[in-house]
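The residues making up each chain are set out below.
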Amino acid sequence: MKASRFFISTLKEAPADAEIVSHRLMLRAGMIKKLGTGIYTYMPMGLRVIRKVEAIVREEMNRAGAVELTMPVVQPAELWEESGRFQAYGPELLRIKDRHDRAFVVQPTSEEVVTDIARQEIRSYKQLPKNFYQIQTKFRDERRPRFGLMRGREFIMKDAYSFDRDLDSAKASYKIMADAYRRIFDRFGLRYRAVAADSGAIGGDVSQEFQVIAATGEDAIVYCPNSDYAANMEKAEALAPAGPRAAATQALAKTPTPGKATCEDVAQLLGVPLATTVKSLVLATDKLGPDGELAGSQVWLLLLRGDHEMNEIKVGKVPGLDQGFRFATTAEIDDHFGCEPGYLGPLNLRKPVKMVADREVAVMSDWITGANEADFHMTGVNWGRDLPEPELVADLRNVVAGDLSPDGQGVLAIERGIEIGHVFVLGTKYSQPMNATFLDEAGKPQLLEMGCYGIGITRLPAAAIEQNNDERGIIWPDAIAPFTVVLCPIGMDRSDDVKKAAQALYEDLLAAGVDVLLDDRGERPGAMFADWELIGVPHRVVISDRGIKEGQYEYQHRRDAAATKVPVAEVAAFLK
Ligand code: ATP
Ligand code: MG
Ligand code: MG
Ligand code: MG
């Protein structure tokens, strides 16, 4: 590709509403263009990245035995009535009507359609197992679309659906997918963690999320640095269903003016006495539900180091905390508790609070007291008990990890993650209401056992940027760079030698299958380099008159501090 023919449109500044680095850099590098809230055009530069992501995902899905098809984006509501999701999905589902007033949905995923295909096409056990996938546009009317492609309303997802004859075989299909996901995310060169996620009705270890580790991630994940234990917050907390989160949510929901409850109100609602001293415990969230309740996975239990007087926390130096409950910024919390930024005690919360410093955190503390075992019973731990720290930590491990960290390999840590993939055994959740059966050896109809497997194709480049950037711009992993190599000739318009040399190297690399771009725009070196550093092409070769005379070109990797001289004759081989 030659730059003069391609479309390059870079910006010095990102729009003010772009909050996180990937969003800013994708806009500045001309990869995406906003059309409406959560709706973006994938511009030519961005689309090249997306296509590379898709190609890798497709290759590994095919390798794992999945077969590709494409299902409709607009789907008749009747199918969704059959599964019950037309109502159950809630406001995230975009429902539309045609000219005959017939209802349709725009696919947020496609379990219904694929189950409909399976119930018509899969007749015999001999056709099983099967795994169908598509890489296609999805629409979810997200409550809070933000961060560019990270949480769009229209986005591209790879969604796969497996069909099996029984649960054991479904679990085997699930494992094949989980293994394929590891291969996929390894190829992208990302730091990620596969974490246990809530598997709903099926139970057991049959749902995992793949989380790219990033400070800006919207999910909190819990892991043990010394063992294999890793889970998302919901899963970790599901082990303590009557724990403080549920209680707090309940309490706040009951409070007449949410967010304005006093400590006494909350204590009363929870039926616990308002005690004076206790080990500190803070409930923090960066996400509130529609009624001001603490919502979703974004609630953390933060155990603070040492003792704190509840009254001190309540009244404290944090303005407004004297109302017993308010929303404080993370900076205020750090300041108030005098902890190192982001450090919050035995849970080894290294980052979560600091990372959402621009958002709000709710602090509640007074109601965590030492009295009522029943209310604060989390698998045997009374949060209010005056435990020495090591014991508290040990207890906490049991609470959060439950029977999954049995080796006792150390203290659990929490970090932020971006969910880029999700694998799930569905069981008969869809096949049952939609009556999707096959005939077994005895000719008896049996329900199909299903699994579903998603990857956020357009979220992935954003996650990759969160992990790979510097003050000059993006640093793409080779596998998904819009171009792998950029050739930057200096003074191409003045020097025939440079022009010829650049053209020759360009052709040589093209012939070798290298994804190379020749920047023939005639930009000044400074502007040209700034563009490619912003866009994040990993390998750059500078061709100049002086270099030609010396018989060397300058090679620089996007991560290198300085260029290396490479003999002209060796450059092509070096890059192939
Ligand atoms: P999230 O928890 O971030 O809302 P989800 O659990 O609702 O995601 P799934 O239904 O598991 O998402 O969909 C599979 C994958 O699709 C996710 O792992 C994620 O990578 C991607 N995805 C989901 N919602 C969005 C979105 N709004 N924008 C971009 N990608 C998304
Ligand atoms: Mg979601
Ligand atoms: Mg999720
Ligand atoms: Mg998910």
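Residues numbered from 1 in each chain as written. Chains lettered and ligands numbered in written order. Predicted model: local features only at pLDDT ≥ 70, side-chain atom pairs only at ≥ 80, totals over all residues.

Threshold: UniProt positions are given in the numbering used here, feature names are shortened, and annotations may be inferred rather than shown by experiment.
In the nomenclature of an unreviewed UniProt entry, the chain is known as Proline--tRNA ligase of Variovorax defluvii. Regarding the chain, the relevant UniProt record gives this comment under Catalytic activity (unreviewed entry): "tRNA(Pro) + L-proline + ATP = L-prolyl-tRNA(Pro) + AMP + diphosphate".

1. Topic: the sheet that holds strand S25 (residues 485-489)
To keep things clear, this is the line we draw: At least two DSSP bridges between two strands are required for those strands to pair. Note on conventions: DSSP H or I runs of at least 4 residues are helices, E runs of at least 2 residues are strands, and numbering of each starts at the N terminus. Under this scheme, a helix contributes an axis fitted over its contacting stretch, all axes are lines through C-alpha atoms, and angles between N-to-C directions fall in the 0 to 180 degree range.
The strand order across the open sheet formed by five strands is S26-S25-S27-S28-S29, and the pairing between neighbours is mixed. Two strands close off the open sheet at either side, each with one partner strand: strand S26 (516-518) and strand S29 (564-567). Neighbour-to-neighbour, the strand axes of the sheet open up by a mean angle of 30°, direction not taken into account. Bridge analysis of strand S27 (residues 539-543) against strand S28 (residues 552-557) gives four bridges, and the strand direction is antiparallel. By the bridge assignment for S28, Arg540 is matched with Gln556.

2. Some remarks on the nonpolar core
Nonpolar side chains in soluble globular proteins tend to end up buried together. Counted only if it meets this: In this description, a nonpolar core means buried residues of the types Ala, Val, Leu, Ile, Met, Phe, Trp, Tyr and Cys, linked to one another by C-beta atoms lying within 7 Å. Buried, partly exposed and exposed are defined by the number of other C-beta atoms within 10 Å of a residue's own C-beta, namely 20 or more, between the two limits, and 12 or fewer respectively, with C-beta atoms placed from the backbone.
By size, the foremost hydrophobic cluster in this structure holds 98 residues, and its most contacted members are Met26, Ile457, Ala463, Leu487, Ala502 and Leu505. With seven residues, the single largest contributor to this core is helix H6 (residues 167-187). Judged by nonpolar contacts, the second largest core, of ten residues, contains Ala196, Val222, Tyr229 and Ala230.

3. Looking at the site of ligand 1
The criterion, for reference: By definition, a residue lies near a molecule or strand when the C-beta atom built from its backbone is within 6 Å of it. Put simply, Ala, Val, Leu, Ile, Met, Phe, Trp, Tyr, Cys and Pro go in the nonpolar bin, Asp, Glu, Lys and Arg in the charged bin, and everything else, Gly too, in the polar bin.
The full set close to ligand 1 counts 15 residues, and Phe155, His422, Gly454, Gly456 and Arg459 are the nearest of them. Among the secondary structure elements, those contributing two or more residues to the shell around ligand 1 are strand S8 (154-164), strand S19 (413-427) and strand S22 (449-456). Here the shell around ligand 1 takes four residues from S19, the largest share from any one element. Of the residues assigned to the shell around ligand 1, the class counts are three nonpolar, seven polar and five charged.

4. Concerning the pairing of S25
Of all five residues that make up S25, five are buried, and the element is covered over most of its length. Of the two faces of S25, the one carrying Val485, Leu487 and Pro489 and the one carrying Val486 and Cys488 are both buried. Note: S25 against S26, three bridges, orientation parallel. What sits directly across from Leu487, in S26, is Leu518. Bridging between S25 and S27 involves five bridges; their strand directions are parallel. Paired with Pro489 across the two strands is Ile543, which belongs to S27.

5. Some thoughts on unusual backbone geometry
Between Leu128 and the following residue, Pro129, the backbone shows a cis peptide bond with an omega angle of -5°. Relative to the helices and strands, Pro129 is located in the loop between helix H5 (111-121) and strand S7 (130-139). A positive phi is found at Asp101, a non-glycine position, where the angle reads about 70°. Relative to the elements of secondary structure, Asp101 occurs in the loop between strand S5 (94-97) and strand S6 (103-106).

6. Observations concerning the environment of Thr437
Stated formally: Contacts are defined on C-beta atoms placed from the backbone: any two residues whose C-beta positions lie within 7 Å are in contact.
Topologically, Thr437 is positioned in strand S20 (residues 437-439). In sequence terms Thr437 and Leu25 are 412 residues apart; their C-alpha atoms lie 49 Å from each other. When neighbours within four sequence positions are excluded, Thr437 is seen to be in contact with Arg119, Pro445, Gln446, Leu447 and Leu448.

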